[in-house]
Structures are given as structure tokens and as C-alpha cells.
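Descriptive analysis of the structure
The primary structure of each chain is shown beneath.
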Amino acid sequence: MKMVNAFNMKRAAAGLRRINLDGLRWRVFDAKGQILGRLASQIATVVQGKDKPTYTPNRDDGDMCIVLNAKDVCVTGRKLTDKVYYWHTGQVLCLKHFSLNIDIMVYRYVGHLKERTFKDQMAKDPTEVIRKAVLRMLPRNKLRDDRDRKLRIFPSSEHPFGDRPLEPYVMPPRSVREMRPRERRAMVRAQKAEQQQQNTDGTKKGKKREAPEESA
Amino acid sequence: MTRIKRGYIARKRRTKIRLFTSSFRGAHSRLTRTISQQKIKALVSANRDRDRKKRGFRGLWIHRINAIIGKNKKKQYNRYSNLLYNMYKGQWLLNHKIVAQMGILKGNCLLMIANEIIT
């Protein structure tokens, strides 16, 4: 992880020269305990500049977004194991054009469909998870790469931008839906199991003698 | 019949069209036939987009108003829809363009007025 951090720090201050305007604010997002998609949509609106009254669709006027604690981002459901990132590898090696016919033969480097689960991606590079989520929420146009350059994501809370005027971003209040009956029953069962464990921890030896009597 | 050449009637007509199309890219400003076609397409687009322009700007103003009103943290009403409903209820008849401009130039004024209207 230390290697990754060093690499990130060098990369972080790198592309700042390409970003033209510095009337931009530096907004800090804390990803600790946030849910991946909901955080990413807020980041996407800020990076596009959609919360500014001077929003212009053909000009990139978004704020610089710094995301901290990327390794503590959460997902709901079974996505930790079941969410898979797919990408395809393989390239065109050469195009052979036969002039008389209209045949084009394409020679390719053979690649395949690659996949990686959410868990493995977090272990490998947690910043990529948030970056992919945000990039895929931005409109696919010419400004997308510039907006990517404005996103700086860090796995922990250390970042080299301490001397800039940073503004923390307050996430809008969220309404969590009611738990489904099956989930609620599972939660109640888990709570009961915890309570029983606490009781056994409290009076260990006594309970051990009592338990075989109860089972018998 | 005596022979009559056409002369330069066609050329006179086409030079006018060529002047119109003079800044187009590539073959669209050089070849005679494509010049005629491109002039027609350009004029059609211009006609259609004069109406589209009105739509586009209205959308942009709505977007901008929503962005400013979203910063109104005093009340729960931080949406464009709420603002507009209260504008109509309070008979505050301003068009979107002016409200958006107010938001850019004097954002705090707009928020103050919005809060008053909502109450």
C-alpha cells in the first residue's frame, strides 16, 4: 500500500498545469462509510459544474474534487463479492487492404474478456473503483477527459493539497428505505445471537456447565 | 432554329450561392453541385434551429435556476419546481431568463426573494 501511496502522490500534483482556470474551488469528499454509487453521482455533478449558476454545457467549469478514504467506501447487498468489472483486451495488429477486391484482412493480437471482482479491485487499487464509477456517470463527450483530470482520489486521508483552500462537501440527506421483512428477520436473529454471546461472555464457566444439561 | 448559347446565366446564379457557402469545409465550398445542396441544408438548419435555440436557452436557464436555488439551505425548498410553484402562487411574474441572470449576478438577492415568496 505504501508503494501505491507514493505513486498516487506523484501523480496527484502532476496534471495541474493543464487545468486552465483557477477560479475553481477545491471540494473535499470523504468516502468513509459512503455508498459507492450515491457518492459517485454527487461527485459527478460537482465535477461537471452543475451546481454552479454559471453552468455552460460546452465549457468545463467544474470544481476540483478530492476524494479521501477511498478504501472505506461501502456497497450494499452482495456487491462486495458479486460485482464484477469486465474489460476486453486484444488489439488490431495490422490491416491488410486488397485493392482489387474490397477485402480487408485484419490481424489481431488475441485477447479475451477479463474480469475482476469488486473485492479484488479494492485490494489492488481502491481509487480505481471510485474513478470508474464517476467516469461512467459523466456524459461521454469531449469534456470527459478534462473532467477526469479534475478528479483526485486518495485511498487514505493523506493528500498533498494541504496548502490549498479546501472546502468539505456535505452530502445531501438521504432517506434509507425500510428493510425488507426477510432482512429484518435476519437482523433480529443476528441481534439475538449477539445478545446470547454477550451473556455467555459475561458468565462463561457457569453457562458451560449449564449448556450440556439443557441439551440433555 | 439559330443556336443560342446559355451564356453566363447559370454562372451568375451559382456565384451567389458560392458566396454563401464560401466558408464551408472541403468540397462543400468548392464543387458546384455540392454547393447548391449545402446551401439548402444550411438554410434548413438555420430555420429549424432558430426555434431550437429558444428551447435550448430555456432549458439552460432552468438548469441554472435549479443550481442556485439548490444552495438555499434555510428551508426545505431548494428545488426549481418549488420555486416556480411559489412564483406562480405569489404572482411573481418574471421570465426564466431574468431569474437566471439574477442568480448569476446577485445570487443572494434571489435567495432572499425566494425565501420571502415561499413564506
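Criteria and cut-off values
Residues numbered from 1 in each chain as written. Chains lettered and ligands numbered in written order. Predicted model: local features only at pLDDT ≥ 70, side-chain atom pairs only at ≥ 80, totals over all residues. Heavy atoms only, no water. Helix = DSSP H or I, 4+ residues; strand = E, 2+ residues; numbered from the N terminus. Buried < 20%, exposed > 50% of the residue type's maximum accessible area, 1.4 Å probe, protein only. Contact = heavy atoms within 4.5 Å. Salt bridge = Lys/Arg side-chain N within 4 Å of Asp/Glu carboxyl O. Buried area = accessible area lost by both parts, 1.4 Å probe. Polar contact = N/O pair within 3.5 Å; in protein donor to acceptor, adjacent residues only side chain to side chain. Nonpolar A, V, L, I, M, F, W, Y, C, P; charged D, E, K, R; others polar. Expected span 1.5 Å × (residues − 1). Bend = angle between axes of the 7 residues up to and from the residue. Pairing = 2+ DSSP bridges. Right-handed = clockwise from strand over helix to strand, strands pointing away. Phe/Tyr/Trp six-rings, centres within 6.5 Å; stacked < 30°, edge-to-face > 60°. Disulfide = S-S within 2.5 Å. Core = buried A, V, L, I, M, F, W, Y, C linked by side-chain atoms within 4.5 Å. pLDDT = per-residue confidence, 0-100.

This part covers the overall build of chain A. Along its length, chain A carries 8 helices and 8 strands. Relative to its 216 residues, chain A shows a buried fraction of 31%. Intrachain contacts of chain A at a sequence separation of at least 6 include 72% that bridge at least 24 residues.

Glancing now at the pattern of salt bridges. All names here are of chain A. Counted by the stated rule, this structure contains 15 salt bridges over all chains. Ionic pairing is found between arginine 59 and aspartate 61, a salt bridge with its closest N-O pair at 3.9 Å. In this structure aspartate 61 comes out as buried when scored by relative accessible area, which is 11%. Between glutamate 178 and arginine 184 there is a salt bridge, with the nearest N and O atoms lying 3.8 Å from each other.

Next up on the list: the interface of chain A and chain B. With 9 residues of chain A at the interface, the matching set in chain B holds 8 residues. Summed over both partners, the interface of chain A with chain B buries about 700 Å², with 61% contributed by carbon and sulfur atoms. Together, Lys50, Pro53 and Tyr55 of chain A form the three largest contributors to the area buried by chain A at its contact with chain B, with a combined 62%. Linking chain A to chain B there are 0 salt bridges. Inspection of the chain A/chain B interface yields 3 residue pairs in polar contact (both at pLDDT 80 or more). A per-class count over the side of chain A that touches chain B returns 3 nonpolar, 2 polar and 4 charged.

Residue and element names in this part refer to chain B. For helix H2 (residues 32-69), built from 38 residues, the straight-helix expectation of 56 Å at 1.5 Å per residue is met to within 8% by its first-to-last C-alpha distance of 54 Å. Its axis deflected by about 35 degrees at arginine 50, H2 carries its strongest bend there. Those residues of H2 lying buried are Ile35, Gln38, Leu60, Arg64, Ile65, Ala67, Ile68 and Ile69.

Residues and elements named next belong to chain A. Within strand E1 (residues 26-30), 4 of the 5 residues are buried, which leaves the element mostly enclosed by the surrounding structure. Pairing of E1 with strand E2 (residues 64-68) involves 5 bridges; the strand directions are parallel. In the strand pairing of E2, arginine 27 is matched with cysteine 65. Regarding topology, helix H2 (residues 36-48) serves as the crossover connection from E1 to the parallel E2, and that connection is right-handed.

A complete count under the given rule lists 4 aromatic pairs over all chains for this structure. Measuring from centroid to centroid gives 6.2 Å for phenylalanine 154 of chain A and phenylalanine 161 of chain A, while their planes differ by 65 degrees, and the two rings are edge-to-face. When sorted by exposure, phenylalanine 154 of chain A lands in the same class as phenylalanine 161 of chain A, which is buried. Ring geometry for phenylalanine 57 of chain B versus tryptophan 61 of chain B: centroids 6.0 Å apart, planes at 35 degrees, classification tilted. Of the two residues, phenylalanine 57 of chain B and tryptophan 61 of chain B both sit in helix H2, 4 residues apart, roughly one turn of that helix. For phenylalanine 57 of chain B, a relative accessible area of 41% gives the class partly exposed. Ring pairs connect the aromatic residues Trp26, Phe154 and Phe161 of chain A, which therefore count as one cluster.

Now for the state of the cysteines. Residue and element names in this part refer to chain A. Following the criterion strictly, the structure yields 0 disulfides over all chains and no others. Free of any disulfide, cysteine 74 has its nearest cysteine sulfur in cysteine 65, 20 Å distant. Judged by its relative accessible area of 31%, cysteine 74 is partly exposed.

Turning next to the nonpolar core. Phe29, Leu36, Ile43, Val67, Ile130 and Leu151 of chain A are the most contacted members of the largest nonpolar core, which has 26 residues in total. Put simply, the parts of the chain that give this core at least two residues each are H2, E2, helix H4 (118-124), helix H5 (126-135) and strand E7 (151-153) of chain A. By residue number, the principal contributor to this core is H2 of chain A, which donates 7 residues. Leave out the neighbours within four places in its chain, and leucine 151 of chain A touches Ile43, Val47, Cys65, Val67, Arg131 and Val134 of chain A. Counting residues in hydrophobic clusters, the runner-up holds 13 residues, among them Ile65, Ile69, Leu84 and Val99 of chain B.

A few words on the confidence of the model for chain B. Put simply, chain B has an average pLDDT of 89, and 97% of its residues get 70 or more. Across the predicted assembly, pTM comes out at 0.76 and ipTM at 0.76.

So, about unusual backbone geometry. Positive phi values are uncommon outside glycine, yet asparagine 69 of chain A reaches one of about 60 degrees. If you trace the backbone, asparagine 69 of chain A turns up in the loop between E2 and helix H3 (79-82). The phi angle at glutamine 91 of chain B is positive, at roughly 55 degrees, despite the residue not being glycine. Along the chain, glutamine 91 of chain B turns up in the loop between helix H3 (80-89) and helix H4 (96-105). Overall, the relative accessible area of 65% leaves glutamine 91 of chain B in the exposed class.

All names here are of chain B. Mapped onto the elements, asparagine 86 comes out in helix H3. Asparagine 86 gets classed as buried once you look at its relative accessible area, which sits at 7%. If near-sequence neighbours (up to four positions away) are discounted, asparagine 86 is found in contact with Ile117 and Ile118.

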